[in-house]
Structures are given as C-alpha cells and as structure tokens.
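Topology and contacts: notes
Here's the letter readout for the chains.
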Amino acid sequence: QDLAYIMYTSGSTGTPKGLMHTHHSGLSYARLSAKVYGVEPEDRLGNHSPLHFDMSTIEYLTGPLCGSTTVIIPEETTLFPVSLAELIEQERLTFWYSVPLALIQLLTQGEIERFDHRSLRWVLFGGEPFPPKHLWRLMRAWPQARFSNSYGPAEVNQCTYSHVPREDLDSSEPIPIGAVWDGAEGLIIGAQDRPVAVGETGELLIRAPTMMHAYWARPDLNQSSFLIQEPLPNFQKRFYRTGDLVRQRQDGNLQFLGRKDRQVKVRGYRVELDEVENVLGGLSGVAEAAAVAIRASDGETAIVAAISVRPEVDVDEGQVRSLTAERLPPYAVPQRIEVVERFPRTGSGKIDRRVLAEQFQQTVAGSN
C-alpha cells in the first residue's frame, strides 16, 4: 500500500488534483488488464498517450508485466495522422489504446488504406464516447482486430470494459461501457445515495483494487468523493463516486449517459449536454461536436454548441439546426451552433469544454 506515483488530472474543473496510486493499485491494474485483453510477450503496444495521462499505464505497467514491447510514439508523429498510420505499419503494432479522437483522425485523414495494418489484433478506446458511425468504418477497415471500449476515471485506472461485437456494425446505438471487471464492485445510486433499479439512471460508484488511495493534500475532495459502507465491525468498504451517470441495460451492460455535472436546467427542463452532443455528432458530415451551457444575455441558461465537419463536406448551419430539432425536444436544441476548424484541447487530447464555454460566454458579453 506504499505510494507508487501521483498522477495529476484537472478533470472538468481546470484545477489540477493529485491522485495517489499505490504499488497495489498499479499492479492490480496491470494484472487485470493483461487478463482481460490477453496481453502476451509477443505483443507490441503503441504508447500514444503522454505519461501524465492514465491511458499510458497499460504501456508502462501492463506491457512490462507481460514482457511485451512498448513503442513510445514521438509527439511529432501523433500530430500527423499519415505519419501515425505509417508508424503502425513500420513498428508492426499489435495493440492500440487511445481516445477516440486519435482513431477518428487516423480514419479520416490517415490514408490508412495505403498501409498494412494487419498486425493490429486489439484496439482499445476510452475517455470519451466513440461515435458509432466512425467506429463501424474503422472496424471494417481493420477486420482482423478486436475492438473494446475501456472505461474508468483516472482515480480507479479502469473498472469496466465492453468488447464490441461485429454483428452490430450498422447500429446507431451508443457503445456501452460494459460490465464491471473481476475484483471490482459497482453501485448505481440515486437520491439519498440509494441504489436504483435496473433501467433507471444513477451515478456510478466503484470499489476496486485498482482504486487510488486518496487525493494528495485535498481532505475536502477525499471527504466528498467517497461513499463509506460499514458492513462489519472494523471493516470499511469505500466506493469512489465517479460523477458519471449510467443505466444498467437488461443484458447487464452499463450505458454511459453523461456527467452528473453536465446536467443543466433550461426553462425548468433538465437537459443532458452529452445527449445533445450525441445527436449532433451522429449527423452526416459532422466529425465532432461539443455542447456547453452559458449564461445568456437575459440571464437565463442557454445551450450552445460547436461542430467540426469533414473537409470534403459542405455543412449548412441551418440544416444542422433543423435536423437537431427533429431529434431533440425544443428546450434542448442549442440556441447557437457554430462550425469550427478545431476545438480547444486538454493535455490528453479531449475537447476542453470549459475553455469552449468561456469562448462562447465572451462572445455573448461582447455583443451586449
């Protein structure tokens, strides 16, 4: 239980917080991930993530545990999808793990049809939802590879997984985050921290051997981030509050619905910003989408959104708004949808929605 490393993450707040992981939590993750994904000594893992990002633990911990080779991808290569596609061929990578963005860029800009990627046997993605329309195209391009959705906040390394079946290649349903893996326990709770029934929405709580010890020098966060159960004398069960809203499907898989702190009220109605993003991202020609809430000029909460489009596509903003209105209730349709060339990004490559909201807010302030 000695401290092994402290990993800093800002999450959605922008304020860095240190996660104290022990030798036990790190080794538990390495053992569990090696078992779930069948990592072998012959495997070659592509390290696309920076060292400070929790996705790198599979290359830095699991790979060495299994005697595998970890190929550290140069930063300049990650910036150019064609160079990245070429590196996969040259290094004969067998394992890939990244946020969906990197895979989408490989698919849309990497000219992957030019390269031999038959060495890839397992592709993992996580950190954000993967739009099904992009995932299905990539699975067709790499028919020999297995694909898995890996879920888990950095505080617990990972806690669920879902192996994507190939028979769903035409489904428009979001990819589930799957089932809680061996050695871990999950709770889905609602009001007053009470468990919810199957099919109902609640916050996911996780107890696992891969879980961090605590936040570094943040007693306030440690108090608010854990649920303590005491089923036996002198024994405490600690569950980490992920802040993620999920629903358990009838097949037992968990469906990610969005962040608890991304639920907003517009004219008295509850709106899931992640649901708005899913609708926008599912439209033809849209590469990525992000929805945020800002304070409108009249003082009310307003939903605004930004989208990026594929280079060969000419998207009419009015048409995007019209199609969105067909799929969302009126109160959830963004008041403004802006086409952008690029999104602000966090250090791990995710869309920085906090910065995006600030940019939209400044535009509103400037127009007053």
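Quick summary incoming for the structure in this document. Because the structure is predicted, anything quoted here is derived from the model rather than measured. (Residues numbered from 1 in each chain as written. Predicted model: local features only at pLDDT ≥ 70, side-chain atom pairs only at ≥ 80, totals over all residues. Heavy atoms only, no water.)

1. Examining the packing of aromatic side chains
- Under the definition given, this model contains six aromatic pairs.
- Their ring planes at 65° and their centres at 5.9 Å tell us that Phe 226 and Tyr 240 sit as a pair that is edge-to-face. With Phe 226 in strand β13 (residues 226-232) and Tyr 240 in strand β14 (residues 235-248), this residue pair connects regions lying 14 residues apart in the sequence.
- A relative accessible area of 7% means that Phe 226 is categorised as buried.
- Tyr 240 gets classed as buried once you look at its relative accessible area, which sits at 5%.
- Linked through ring pairs, Tyr 37, Phe 95 and Trp 122 together constitute an aromatic cluster. (Phe/Tyr/Trp six-rings, centres within 6.5 Å; stacked < 30°, edge-to-face > 60°. Helix = DSSP H or I, 4+ residues; strand = E, 2+ residues; numbered from the N terminus. Buried < 20%, exposed > 50% of the residue type's maximum accessible area, 1.4 Å probe, protein only.)

2. Quick notes on the pattern of salt bridges
- Applying the stated criterion across every chain yields a total of 21 salt bridges.
- The partner of Asp 193 in a salt bridge is Arg 241, with the nearest N and O atoms 2.9 Å apart. Note that Asp 193 is positioned in the loop between β10 (185-189) and β11 (201-207) and Arg 241 in strand β14, a separation of 48 residues in sequence.
- On the basis of relative accessible area, Asp 193 is assigned to the partly exposed category, the value being 33%.
- Here Arg 259 ties to Asp 261 by a salt bridge, and the two come within 3.4 Å at their closest N and O atoms.
- Its relative accessible area of 26% is what places Arg 259 among the partly exposed residues. (Salt bridge = Lys/Arg side-chain N within 4 Å of Asp/Glu carboxyl O.)

3. Some words on the environment of Ala 291
- Structurally, Ala 291 can be placed in strand β18 (residues 286-295).
- Distance in space between the C-alpha atoms of Ala 291 and Leu 273 is 5.9 Å, their sequence separation being 18 residues.
- Ala 291 has contacts with Arg 262, Leu 273, Val 276, Glu 277, Val 304 and Ala 305, leaving out every residue within four places of it along the chain. (Contact = heavy atoms within 4.5 Å.)

4. Some remarks on the sheet that holds strand β1 (residues 3-9)
- Strand order in the open sheet made by the three strands is β1-β2-β12, with antiparallel pairing throughout. Lying at the two open borders of the sheet, with one neighbouring strand each, are β1 and β12 (214-215).
- Looking at chain direction, strand β2 (residues 17-22) and β12 are connected through two bridges and run antiparallel. Bridge assignment links Leu 19 to a residue of β12, and that residue is Tyr 215.
- Taken strand by strand, helix α1 (residues 23-37) contacts β1 and β2, and its axis lies near 75° from that of β2. (Pairing = 2+ DSSP bridges. Axes fitted to C-alpha atoms, helices over the stretch in contact; angles between N-to-C directions.)

5. Remarks on the nonpolar core
- Judged by nonpolar contacts, the single largest core of 37 residues is most densely connected at Tyr 37, Ile 58, Phe 95, Leu 124, Leu 204 and Tyr 240.
- Ranked by the residues each element gives to this core, the list is headed by α1, at five residues.
- Within the second largest apolar cluster, 29 residues are counted, among which are Ile 73, Leu 135, Trp 136 and Leu 138. (Core = buried A, V, L, I, M, F, W, Y, C linked by side-chain atoms within 4.5 Å.)

6. Topic: the environment of Gly 318
- Of note, Gly 318 is situated in helix α9 (residues 317-327).
- Sequence separation between Gly 318 and Ile 337 is 19 residues; the distance between their C-alpha atoms is 8.8 Å.

7. Side note on the sheet that holds strand β4 (residues 69-72)
- Here seven strands make up an open sheet; going across it, the order is β4-β3-β5-β6-β7-β8-β9 and the pairing mixed. Where the open sheet ends on each side, the last strands, each with one partner, are β4 and β9 (179-180).
- The sheet contacts of α1 involve β5 (95-98), β6 (122-125), β7 (146-151) and β8 (160-163), and relative to β8 the element is tilted by about 15°.

8. So, the pairing of β4
- Pairing of strand β3 (residues 44-47) with β4 involves four bridges; the strand directions are parallel. If you follow Arg 44 over to β4, its bridge partner there is Thr 69.

9. Here we look at the side chain of Ser 68
- Residue position: Ser 68 is located in the loop between α2 (57-66) and β4.
- Here Glu 40 takes part through its backbone oxygen, which lies 2.7 Å from a polar atom of the side chain of Ser 68.
- Beyond its immediate sequence surroundings of up to four residues, Ser 68 is in contact with Val 39, Glu 40, Pro 41, Asp 43, Leu 45 and Gly 63. (Polar contact = N/O pair within 3.5 Å; in protein donor to acceptor, adjacent residues only side chain to side chain.)

Purely spatial values, then, with no claim about function.
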